[in-house]
Amino acid sequence: MEVANGTPASAPAANGEREDPGGFKLKFCTVCASNQNRSMEAHLRLSQAHYPVISFGTGSLVRLPGPTITQPNVYQFNKVSYDAMYKELHEKDPRLYTANGLLNMLGRNRQVKWGPERWQDWQIGIPRTEHASDRGSEGTEGGVVDIVFTCEERCWDAVIDDLLNRGSPLNRPVHVINVDIKDNHEEASIGGRGILDLADSLNNAAKEERESMGATAFDMATAASRASFDERVPEIIGEWQERWPNLPATWTLAWF
């Protein structure tokens, strides 16, 4: 159990699943460069805690390590499944891709959703009916989220720039929080636990403000109805940062 980097809110079952407490839940999104390692670890952790969650990558292509640094395995977003990637790499060099953890990662990913999605291609506010089999899909059918977690500063920049370019057509507030996580399997696991801890803190605050504001108004997710929650977010992140000092965080309030 991590001491310097926080502790989980409740002990998960042997398979990682947490008991579902029911009630209101914020909707989350996790983002890294290729929607493979860091965002998918966090996606899995959040879904095991029964949060609504979706995930994306911000890169132009999906890039995975190859036999040398100049020979990556490159795939297109939205077109190649995790299962197809797994089978291709297993056929190419099962020893190499087992040793470097790629087959284990892809094996996990294909149990979470079909394949990597690109943030810039996401049609915000459009129903995600074709993703019903994804882990964490329940609650995200409307195509919007409350919190976006990015896992690297360049991904945070890409998300913010994209939201600005979209022009806020829904006029809906969304918190974009970067949790800086090194792109390796061990750090992704630690980062996933940290993101879940922060999600729990944010959700607890949201439930309190929803009860105070009234469910109908809060669930409209307008600037006015979410103002009391939005004002609490920086303090929540500050308290979380003390528990997870090795996961530097950056935050901004943006708009869908």
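Report follows, based on the coordinates. (Residues numbered from 1 in each chain as written. Predicted model: local features only at pLDDT ≥ 70, side-chain atom pairs only at ≥ 80, totals over all residues. Heavy atoms only, no water.)

Let us look at the pattern of salt bridges. Going through the model one piece at a time under the given rule, you end up with 21 salt bridges. Among the salt bridges present, the one from arginine 108 reaches glutamate 41, with a minimum N-O distance of 2.8 Å. Here the residue arginine 108 occupies a position in helix 4 (residues 102–109), and glutamate 41 occupies one in helix 1 (residues 38–48), the gap between them amounting to 67 residues. Glutamate 41 shares its class with arginine 108; the two are buried. Put simply, Arg38, Glu152, Arg154 and Asp183 are held in one network by salt bridges that share partners. (Salt bridge = Lys/Arg side-chain N within 4 Å of Asp/Glu carboxyl O. Helix = DSSP H or I, 4+ residues; strand = E, 2+ residues; numbered from the N terminus. Buried < 20%, exposed > 50% of the residue type's maximum accessible area, 1.4 Å probe, protein only.)

Glancing now at the sheet that holds strand 1 (residues 28–32). A sheet is described by the order of its strands in space; here five strands give the open sequence 2-1-5-6-7, paired in mixed fashion. What marks the edges here is a single partner per strand, and that holds for strand 2 (53–57) and strand 7 (249–255). Strand-to-strand twist in this sheet, taken as the mean axis angle between neighbours without regard to direction, amounts to 20 degrees. Sheet topology note: the strand 6 (residues 173–179)/strand 7 ladder contains seven bridges and is antiparallel. (Pairing = 2+ DSSP bridges. Axes fitted to C-alpha atoms, helices over the stretch in contact; angles between N-to-C directions.)

This part is about a negative patch on the surface. A cluster of acidic side chains, namely Glu153, Asp157, Asp161 and Asp180, defines a negative patch on the protein surface. Residue classification places glutamate 153 among the exposed positions, given a relative accessible area of 52%. (Patch = residues over 30% accessible without salt bridge, like charges linked within 9 Å, V, L, I, M, F, W, Y side chains within 5 Å. Areas by Shrake-Rupley, 256 points an atom, 1.4 Å probe, with all protein chains shown as cover. Lys, Arg positive; Asp, Glu negative; His and termini not counted. Charge placed at Lys NZ, Arg CZ, Asp CG, Glu CD.)

Residues of strand 5 (residues 147–150) alternate between two faces, with Ile147 and Phe149 on one and Val148 and Thr150 on the opposite face, all of them buried. In this structure, strand 1 lies alongside strand 5, joined through four bridges in parallel fashion. The partner of cysteine 29 across the bridge, within strand 5, is valine 148. In terms of strand pairing, strand 5 meets strand 6 through four bridges, oriented parallel.

The biggest cluster of nonpolar side chains holds 31 residues, and the ones touching the most others in it are Phe28, Phe149, Leu202 and Phe229. Counting only elements with at least two residues in this core, the list comes to strand 1, helix 1, strand 5, strand 6, helix 6 (185–213) and helix 8 (227–243). Judged by nonpolar contacts, the second largest core, of 18 residues, contains Cys29, Ile54, Ala254 and Phe256. (Core = buried A, V, L, I, M, F, W, Y, C linked by side-chain atoms within 4.5 Å.)

On to the pairing of strand 2. Extensive coverage of strand 2 is indicated by the burial of five of its five residues. Side-chain alternation along strand 2 places Val53, Ser55 and Gly57 on one buried face and Ile54 and Phe56 on a second face that is also buried. Bridge analysis of strand 1 against strand 2 gives five bridges, and the strand direction is parallel. Note that in strand 2 the partner of phenylalanine 28 across the bridge is valine 53.

Below, the discussion takes up the packing of aromatic side chains. Going through the model one piece at a time under the given rule, you end up with nine aromatic pairs. Ring centres 5.2 Å apart and planes at 80 degrees place the aromatic pair phenylalanine 28 and tyrosine 51 in the edge-to-face group. Here tyrosine 51 lies in the loop between helix 1 and strand 2 and phenylalanine 28 lies in strand 1, a separation of 23 residues in the sequence. This pair shows no difference in class: phenylalanine 28 is buried, exactly as tyrosine 51 is. For the pair tryptophan 119 and tryptophan 122, a centre-to-centre distance of 5.2 Å together with 70 degrees between the ring planes defines the contact as edge-to-face. There is no split in this pair, since tryptophan 119 and tryptophan 122 are both buried. Following the ring pairs from residue to residue traces out a cluster consisting of Phe56, Trp119, Trp122 and Phe256. The ring centre of phenylalanine 56 lies 5.9 Å from the NZ or CZ of lysine 113, which sits over that ring. (Phe/Tyr/Trp six-rings, centres within 6.5 Å; stacked < 30°, edge-to-face > 60°. Lys NZ or Arg CZ within 6 Å of the ring centre and 35° of its normal.)

Take it as geometry only, folks, not as evidence of what the structure does.
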